There are 4 protein chains.
Amino acid sequence: MINVSIIGANGYTGLELLNILAAHKEAAVKHAVSVGNAGTLITDMYPALLAYRGARFEPLDIDLIAKDSELVFSCLPHAASAEVCKKLYERGVKIIDLSADFRYDDLAVYEKTYNVTHPCPELLERSVYGLPELYCEKIKAASIVGNPGCYTTCSILPLYPLVKENAVDADDIIIDAKSGTSGAGKKAEVSGLFAEVNENFKAYAVATHRHTSEIEQEISKAAKKAAAISFTPHLLPITRGILSTIHLKLKNKLVKEDIFELYDKYYKNEPFVIIDKTPPSINSVKYGNYIRIGFVVDERLNRLIVISCLDNLIKGASGQAVQNMNIMFGIDETEGLKGLPRHL
Amino acid sequence: MINVSIIGANGYTGLELLNILAAHKEAAVKHAVSVGNAGTLITDMYPALLAYRGARFEPLDIDLIAKDSELVFSCLPHAASAEVCKKLYERGVKIIDLSADFRYDDLAVYEKTYNVTHPCPELLERSVYGLPELYCEKIKAASIVGNPGCYTTCSILPLYPLVKENAVDADDIIIDAKSGTSGAGKKAEVSGLFAEVNENFKAYAVATHRHTSEIEQEISKAAKKAAAISFTPHLLPITRGILSTIHLKLKNKLVKEDIFELYDKYYKNEPFVIIDKTPPSINSVKYGNYIRIGFVVDERLNRLIVISCLDNLIKGASGQAVQNMNIMFGIDETEGLKGLPRHL
Amino acid sequence: MINVSIIGANGYTGLELLNILAAHKEAAVKHAVSVGNAGTLITDMYPALLAYRGARFEPLDIDLIAKDSELVFSCLPHAASAEVCKKLYERGVKIIDLSADFRYDDLAVYEKTYNVTHPCPELLERSVYGLPELYCEKIKAASIVGNPGCYTTCSILPLYPLVKENAVDADDIIIDAKSGTSGAGKKAEVSGLFAEVNENFKAYAVATHRHTSEIEQEISKAAKKAAAISFTPHLLPITRGILSTIHLKLKNKLVKEDIFELYDKYYKNEPFVIIDKTPPSINSVKYGNYIRIGFVVDERLNRLIVISCLDNLIKGASGQAVQNMNIMFGIDETEGLKGLPRHL
Amino acid sequence: MINVSIIGANGYTGLELLNILAAHKEAAVKHAVSVGNAGTLITDMYPALLAYRGARFEPLDIDLIAKDSELVFSCLPHAASAEVCKKLYERGVKIIDLSADFRYDDLAVYEKTYNVTHPCPELLERSVYGLPELYCEKIKAASIVGNPGCYTTCSILPLYPLVKENAVDADDIIIDAKSGTSGAGKKAEVSGLFAEVNENFKAYAVATHRHTSEIEQEISKAAKKAAAISFTPHLLPITRGILSTIHLKLKNKLVKEDIFELYDKYYKNEPFVIIDKTPPSINSVKYGNYIRIGFVVDERLNRLIVISCLDNLIKGASGQAVQNMNIMFGIDETEGLKGLPRHL
């Protein structure tokens, strides 16, 4: 049994970690930290979390957490997260960080993208990018894992094989992404109110979204040159789920079966990647740890339209974090993550 | 042309007033005041308000507003509203107040219900309860109108004739009310976030909601004795609309036609009250200034179930306020309010 | 391992059974029957049901199903269900029927309520009402279980102890119930379209809903006299969940703690009944097999307002059916049903 | 006063026409035809349509309609519509057809796209494409107008000036469009049920949607060569509204102000086209007859991302049809269409 703690446990990724870990057979939650809610019963904030009846959110006591935990999930905001992770790392705790602080190969790109000075660049160097389908071996050996974001997971996994195999033009990639509102977290802002989001739809951060540089980092490695990604996110009036429509130019005449084979080569043994024969919809992934990838070859225009989707709180955040934990500790990769998506 | 101003114009009742008044033929908005947003273009906050392109929210300048306005709509919170209304009243401006400050006959009931000291009880005495279907003549002559709330309008209008005519037991009235989220206003609170409201439903303020005393005030007058109202509000995951299910005991054997006649007696000439043959639904009232009332006589149990509904932002707030303005200024009562409800 | 089959597997209760049983450790689905969709891949209709990749909906072959199954879940409509159940019962298969066909003590009440002739009244006599919290011992020994409906479970469990202990007046029970749209099943009707349900809310079947007689059957037994239930259902614009607001008159002065003790006496050992200190909301039960019951004592009016909620597809249908299966076959009652509700 | 009739009045575009025309000062609805619902009170189907109390849907009586109507709006499906329109045209009635039957310049493209034989190609030749911002003069003189679809209006208006002025590459146009569910009409299909659409999002008809050829027709004319449009529609879980994200390559280095000037040149006098400084959202257009167009110049990639949106039932269907009527009959183009969009 692995003892884990969660810092920033009151937000939506924390909630989802608590939910997943409640049924995990090889991990136990020792501390659920929420500085702003220390002392509050977990079930007073989230009555659904019946497995935690009697337990309370706790203050941030680094030494206590380090003493009791082999692994910490950090759900803090960027920069704040690295500061805490550093202290825990120094006390010998393994880290899975859900912020952007340990996702970048290049310190300068991180600092430019997030407009902060990294609190511990020396740890950034030791960290591993926690996308299990690409970096499983490195994750096994890692002490610090930077858990990818929701948009990035939903973008990199469908693009990686296509670019790596030179099937599409890496200079001309358009990602038109749509995310449910839980992706914005649990912030008390007017823009997140039901009345503002409901019956509405909009693009935001057009051509400036921070996840662009994270996607370009990984796709450039696949392309072995600088990839140029045009990334346009939108806000969907749903709670969970991301769907990305990726518009690509085929380099050669390829047919449906060619693309299947290409994906199959990379993902056929991956338990959480499903290649679909028709474009998948969000009700095929919500509440599950899966990413689904479908596509249409438009022979008329020699284009490829790829549709990928996942549950932003699970495969796009907390489920992937648990998947990383499983890999780091030699547990079956699917433990705690076997729940099927819910059509309804 | 009547010159009007709106104080607290940035909230949802202010938004709705701005929308209605943009098409009103006999009223013009001179100042839209929002202390917290003074200087902001109205269309930057609400791009839909195209009629106000170029206009800005303004700071609260009592003298300027008094000089320029024959009437002020106050959308401020209770207590704060009365303080401002007092100053405007003293400068000769007529007032329609959308807060609770001028709705009560009895100062003590107001102060107990809202747990504040009324800033100007002398004005409370001069104010008129702005329910046009009951107090039209008084509103004509009023200088200060306390505009009823959404739950209260949706409760009092269906109950009044039944109680007045002694058809139902005034000691045994159960109002099970359900409101859309715009009724909670535009407050940046976690409880109002899309992710918290969507796919959810709950009761709140059970047996303690403030509107109970306002409903009891009016129904007691109809009953000529103290009415006892059990009022239970719920939060619906929709933006607009209130539906109240009112559970009543019939005093005598009455059939469907009897109840129709009874309502007809009171409301047949009212342009905004519609008595339906079947229970109405919210998509028959949203975006209109109507209240619809339907009912079922349960002969098996000698009960009457009344279903009433309205758009909380229109007949439950800003539309009713404009209806009151029309009456106060001798304009056709329906001016600016002729828009049909929207099925979709 | 118990071999089970599902008839009418393509509807929403069938979908939910397939989902639950995919993770059940002691039951295996042998046949998923859908006459109208025989031959279709289960994952073509429900891509989320990944555990069934390769499996198809099958035609109704009574002998084959009887040969392969120890238990059948029937998700057919009433009357049609009993006809099929009869044939399976005669072949020695145990039955859990999700229709109304085996829920009634009194044939005449069933036939009047559903306006049909019961196809096999002799089996109705042998059937057990599948509300585990009340009839656990009988269910253990049953061969045919009539699985209660969603509204009835959400009504009977909160009312039973109160009436049984004579705490409330059984002649004056008002149930104001609100259900998500999955309760209406998967019928292609205009009234169920997104555009008709979204941003809408309405009452339906006022004073005439069929579940009234089922609730009265059970509450009359508790009251040892004929109970009179005024039942008013409403349609919520959400997919899952029922919330009932039950308006009651207290017979004596009781305080909060008294009601707790009363519920505790009946339900303290029930794994799926949770008594809450504050009124529960639907986001504390959706996706779980729990019923939550909260209440407010209104001392001013000597009334008791009880709020109960559950997921209509789980505790209100398929989860309860699996709970019944577990009891019938001596499996841990919670097997397959341990998933926590989802706040989001 | 123009006498008009509506054929296929029971669907959602018919509903919207009835709503708009109820307040139109120069047009009166003589007959609302619905073959399947003839005899039904309009308010029994749509209680919100209070202006039509007492009126009924009527059967299709061509001679009666021709006698009483100067103009007919046809809301029938393609092919069926042209057959009826032909008969009315022969009787001297002007036609605005909301189907695809009179939208095409090239008969062959229509017949290939819709896989039907056109019932009256001779009328297709005489018809005018009813996009008022491009074809106002022709519409003035037209007897038959083919009213554009929702996706096409939302695509052509933002693209036309850019292509016409050679600012973007007409060979590389990607339209990623998202529509609310009312666009699918009022068909009783499982795929349209609330439970299927809610909390879901998906692409459909990828690379094969029929509106592609209609968009290409108009953009090719602007480009003076064959334009290649990659069109990917998606289904949003909202009732009203379309938002298109259009991904373009700039031919030259252009900055924000250049694009503004370009749009200004074409649309500055258009009452229903609004060029926004920031990407517009659906809550800036729903319930209004406006199209809003915003954009972001991505200097890094020399790309232009254009975001356009409109209410699919109004500017995308019935509002535009009334705008066409106004033009055809010399009425103020904005009559009946002055209602502001609704933020909530």
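A. Molecular detail of the interface of chain B and chain C. With 43 residues of chain B in contact, the opposing surface of chain C contributes 43 residues. In this assembly, chain B packs against chain C so that about 3,500 Å² is buried in total across both faces, 58% of it on carbon and sulfur atoms. Taken as a group, Glu199, Phe201 and Val206 of chain B account for 17% of the area that chain B buries against chain C, more than any other trio of residues on that side. With a closest N to O distance of 3.0 Å, Asp176 of chain B and Lys178 of chain C form a salt bridge. For the pair chain B and chain C, the number of links is 26 residue pairs in polar contact (both at pLDDT 80 or more). Of all the secondary-structure elements, those providing two or more residues to the side of chain B that touches chain C are β7 (173–179), α9 (194–197), β8 (202–203), α10 (211–223), β9 (229–235), β10 (242–249), β12 (291–298) and β13 (303–310) of chain B. When grouped by side-chain class, the residues that make up the side of chain B that touches chain C number 19 nonpolar, 11 polar and 13 charged.

B. Inspection of the nonpolar core at higher detail. Formed by 174 residues in total, the largest nonpolar core has its most connected members in Leu21, Phe73 and Leu304 of chain A together with Leu21, Phe73 and Leu304 of chain C. Those residues in contact with Leu304 of chain A, other than ones at most four positions away along the chain, are Leu162, Val168, Ile246, His247, Leu248, Leu250, Ile259, Phe295, Val296 and Val297 of chain A. Of all hydrophobic cores here, the second largest spans 173 residues; its members include Ile42, Cys154, Tyr160 and Ala317 of chain D.

C. Structural view of empty space enclosed by the protein. For the structure on display, the rule yields nine cavities of 30 Å³ or more. Empty space within the largest cavity amounts to approximately 160 Å³. Here the residues of the lining of the largest cavity are counted per class, giving six nonpolar, seven polar and seven charged.

D. The arrangement of unusual backbone geometry in detail. One non-glycine residue with positive phi stands out, namely Asn115 of chain B, at about 55°. Its place among the elements puts Asn115 of chain B in the loop between α5 (107–114) and α6 (121–126). Of the residues examined, Asn115 of chain B reaches a relative accessible area of 68% and is grouped as exposed. Although it is not a glycine, Ala79 of chain C adopts a positive phi angle of roughly 70°. Along the chain, Ala79 of chain C falls in the loop between β3 (71–74) and α4 (80–90). In this structure Ala79 of chain C comes out as buried when scored by relative accessible area, which is 15%.

E. Structural view of the sheet that holds strand β1 (residues 2–7) of chain B. Residue and element names in this part refer to chain B. Read from one edge of the open sheet, six strands run β2-β1-β3-β4-β6-β5, paired in parallel fashion. Edge strands, defined here as strands with exactly one partner in the open sheet, are β2 (27–33) and β5 (128–129). With three bridges joining them, strand β4 (residues 94–97) and strand β6 (residues 144–146) adopt parallel strand pairing. Note on β6: the bridge partner recorded for Ile96 is Val145. Together, β1, β2, β3 (71–74), β4 and β6 form the strand contacts of helix α12 (residues 314–328), whose direction differs from that of β4 by roughly 155°.

F. Representation of the relation of the copies chain B and chain C within the structure. Laying chain B over chain C is done by rotating through 180° and shifting 0.0 Å along the axis; what remains is an RMSD of 0.0 Å. Taken together, the turn and the small shift mark the pair as related by a two-fold rotation axis. With an isologous cut-off of 70% or more, the 100% of interface residues of chain B that recur at the interface of chain C puts this contact in the isologous class.

G. How the structure looks around the packing of helix α7 (residues 132–141) of chain A against helix α12 (residues 314–328) of chain A. Residues and elements named next belong to chain A. Where α7 meets α12, the axes come as close as 9 Å, and the angle between the chain directions of the two elements is 40°. Regarding the angle of α7 to α12, the classification is oblique. Relative to α12, α7 is oriented so that their crossing is right-handed. Listed contacts from α12 to Pro132, Glu133, Cys136, Ile139 and Lys140 of α7 are Lys315, Gln320, Gln323, Asn324, Ile327 and Met328.

H. Main features of the pattern of salt bridges. All names here are of chain B. Across all of its chains, the model carries 84 salt bridges over all chains by this definition. Across the pair Glu90 and Lys86 runs a salt bridge whose closest N-O atoms are separated by 2.9 Å. With Glu90 and Lys86 both in helix α4 (residues 80–90) and four residues apart, the pair spans about one turn of that helix. With a relative accessible area of 24%, Lys86 lands in the partly exposed category.

I. Spotlight on the interface of chain A and chain D. Tallying the contact residues gives 43 residues for chain A and 43 residues for chain D. Where chain A abuts chain D, roughly 3,500 Å² becomes buried across the two surfaces, and 58% of that area is made up of carbon and sulfur atoms. Interface area lost by chain A to chain D is led by Glu199, Phe201 and Val206 of chain A, which between them contribute 17%. At the surface where chain A touches chain D, the tally comes to eight salt bridges. Seen at the junction of chain A and chain D, the total is 26 residue pairs in polar contact (both at pLDDT 80 or more). Of all the elements in the fold, those that place two or more residues in the side of chain A that touches chain D are β7 (173–179), α9 (194–197), β8 (202–203), α10 (211–223), β9 (229–235), β10 (242–249), β12 (291–298) and β13 (303–310) of chain A. Looking at the side of chain A that touches chain D residue by residue, the classes come out as 19 nonpolar, 11 polar and 13 charged.

J. Structural context of the domain arrangement of chain A. Residues and elements named next belong to chain A. One can read the domain layout of chain A as domain 1 (2–126) and domain 2 (151–312). For domain 1 versus domain 2, the distance between C-alpha centres works out to 27 Å. Taken together, the 14 residues of domain 1 in the interface contact 11 residues of domain 2. Counting each side, the surface lost to burial between domain 1 and domain 2 is near 1,000 Å², with a carbon and sulfur contribution of 43%. Of all residues in domain 1, the largest losses of buried area upon contact with domain 2 belong to Tyr12, Arg103 and Asp105, amounting jointly to 45% of the total for that side. Here domain 1 is connected to domain 2 by three salt bridges. Close ionic contact of Arg103 with Glu214 constitutes a salt bridge, the shortest N to O distance being 3.1 Å. Linking domain 1 with domain 2 are nine residue pairs in polar contact (both at pLDDT 80 or more). Take the side of domain 1 that touches domain 2: its biggest share by element is three residues, from helix α5 (residues 107–114).

K. Summary view of the pairing of strand β10 (residues 242–249) of chain D. All names here are of chain D. Most of β10 sits out of view: seven of its eight residues are buried. Note: strand β7 (residues 173–179) against β10, six bridges, orientation antiparallel. Along β10, the bridge assignment pairs Asp176 with Thr245. Inspection of the sheet shows β10 paired to strand β13 (residues 303–310) by eight bridges, in the antiparallel sense. Residue pairing in the sheet places Ile246 in a bridge with Val306 of β13.

Thresholds applied
- Residues numbered from 1 in each chain as written.
- Chains lettered and ligands numbered in written order.
- Predicted model: local features only at pLDDT ≥ 70, side-chain atom pairs only at ≥ 80, totals over all residues.
- Heavy atoms only, no water.
- Contact = heavy atoms within 4.5 Å.
- Buried area = accessible area lost by both parts, 1.4 Å probe.
- Salt bridge = Lys/Arg side-chain N within 4 Å of Asp/Glu carboxyl O.
- Polar contact = N/O pair within 3.5 Å; in protein donor to acceptor, adjacent residues only side chain to side chain.
- Helix = DSSP H or I, 4+ residues; strand = E, 2+ residues; numbered from the N terminus.
- Nonpolar A, V, L, I, M, F, W, Y, C, P; charged D, E, K, R; others polar.
- Core = buried A, V, L, I, M, F, W, Y, C linked by side-chain atoms within 4.5 Å.
- Buried < 20%, exposed > 50% of the residue type's maximum accessible area, 1.4 Å probe, protein only.
- 1 Å grid on protein atoms, 1.4 Å probe; cavity = no way out; pocket = protein on both sides within 12 Å on 5 of 7 lines; lining within 4 Å.
- Points joined across faces, edges and corners; volume = space filled by probe spheres on them.
- Pairing = 2+ DSSP bridges.
- Axes fitted to C-alpha atoms, helices over the stretch in contact; angles between N-to-C directions.
- Least-squares fit on C-alpha atoms with pLDDT ≥ 70 in both.
- Parallel < 35°, antiparallel > 145°, perpendicular 65-115°, else oblique.
- Left-handed = near helix turned anticlockwise from the far one by under 90°.
- Domains from an automatic or database assignment.

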